[in-house]
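# Structural overview
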Amino acid sequence: MKVKQSDIKILFSEDQLTTRIKEIAAEMNSFYKGEEICVICVLKGAVMFTTELVKHLDMPLTMEFIRLSSYGHSTSTSGKVNAVEIKLPDLNGKNVLIVEDIVDTGLTAKFLLDFIKCNFHTKSTKFAALLDKKIFRRTDIEPDYYGFEIDDKFVVGYGLDYDGFYRNLKFIGYADKSLLEN
Ligand code: 5GP
């Protein structure tokens, strides 16, 4: 069943999101000090975060897009990360910034960070997530940059989906799991 948009409660408004993303970009600008970076957007969930973030980055940058999946049609992770599509250029000697929508168990981030480490000798590898859901963490992964910490909620909007829907919402919100899984 699709939950009506009016049943989705706002957790972070569009203004809160853009304000926080500008702050993260400012931190990155002062860290990288104009050095070139390669931004890797983890599709599909991080698409809105990444596009808003890069607007406020002032160093030369390239963008790559990769796809992984662990959720399927559920509101809890399968615990297994599938590499749906990872095609990356030569990242040796580059500053790499991985951008995810949300870090939950940390399995996706760990998979990616290990993948980069095994395949390239980067100059630096950093990991940013718009949301940090710490309570279900199953790895020792912590994002280098994050927007907001959240508790045990399944969130949608601003790129995040449930069963492919709600990615277009301007805000991040949540509906009761019972409504979503009905
Ligand atoms: P992890 O591998 O850290 O457990 O999960 C990472 C991925 O799970 C995220 O990139 C995201 O696609 C999905 N995910 C985790 N929590 C949520 C959530 O609350 N809502 C949505 N829509 N996806 C989530």
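Everything below is about the structure printed above this text.
In this report, the structure presented in the accompanying data block is examined. Just so it is clear, the structure is predicted and the values come from calculations on it, not from any experiment.

## Things to note about helix H1 (residues 14–32)
The end-to-end C-alpha separation of H1 is 27 Å, in line with the 27 Å expected for 19 residues at 1.5 Å each. All of the buried residues in H1 are Leu-17, Thr-18, Arg-20, Ile-21, Ile-24, Ala-25, Met-28, Asn-29 and Tyr-32. In the stretch just after H1, Lys-33 is the one whose phi turns positive, near 45 degrees.

## Here we look at the pairing of strand E6 (residues 124–133)
Each regular strand displays side chains that alternate between the two surfaces of the sheet. In terms of burial, E6 is largely enclosed, as 8 of its 10 residues are buried. Here strand E5 (residues 95–103) runs beside E6; their pairing, made up of 8 bridges, is parallel. The residue of E6 that forms the bridge with Ile-98 is Phe-127. On the question of chirality, the crossover connecting E5 to the parallel E6 by way of helix H3 (residues 107–119) is right-handed. Alignment of E6 against strand E7 (residues 145–150), held across 5 bridges, turns out to be parallel. The partner of Ala-128 across the bridge, within E7, is Tyr-145.

## Structural notes on the site of the ligand
Taken together, 16 residues lie near the ligand, and Asp-101, Thr-105, Thr-108, Val-155 and Asp-161 sit nearest. One of the backbone N or O atoms of Gly-106 is found 2.8 Å from an oxygen atom in the ligand. Here a nitrogen atom of the ligand sits 2.7 Å away from a polar atom, N or O, in the main chain of Val-155. When isolated, the ligand has an accessible area of 510 Å², and the protein chains bury 92% of it. At the level of secondary structure, the elements contributing two or more residues to the shell around the ligand comprise E5 and H3. Residue composition of the shell around the ligand, grouped by class: 7 nonpolar, 3 polar and 6 charged.

The rules behind each value
- Residues numbered from 1 in each chain as written.
- Predicted model: local features only at pLDDT ≥ 70, side-chain atom pairs only at ≥ 80, totals over all residues.
- Heavy atoms only, no water.
- Helix = DSSP H or I, 4+ residues; strand = E, 2+ residues; numbered from the N terminus.
- Expected span 1.5 Å × (residues − 1).
- Buried < 20%, exposed > 50% of the residue type's maximum accessible area, 1.4 Å probe, protein only.
- Pairing = 2+ DSSP bridges.
- Right-handed = clockwise from strand over helix to strand, strands pointing away.
- Near = heavy atom within 4 Å.
- Polar contact = N/O pair within 3.5 Å; in protein donor to acceptor, adjacent residues only side chain to side chain.
- Areas by Shrake-Rupley, 256 points an atom, 1.4 Å probe, with all protein chains shown as cover.
- Nonpolar A, V, L, I, M, F, W, Y, C, P; charged D, E, K, R; others polar.

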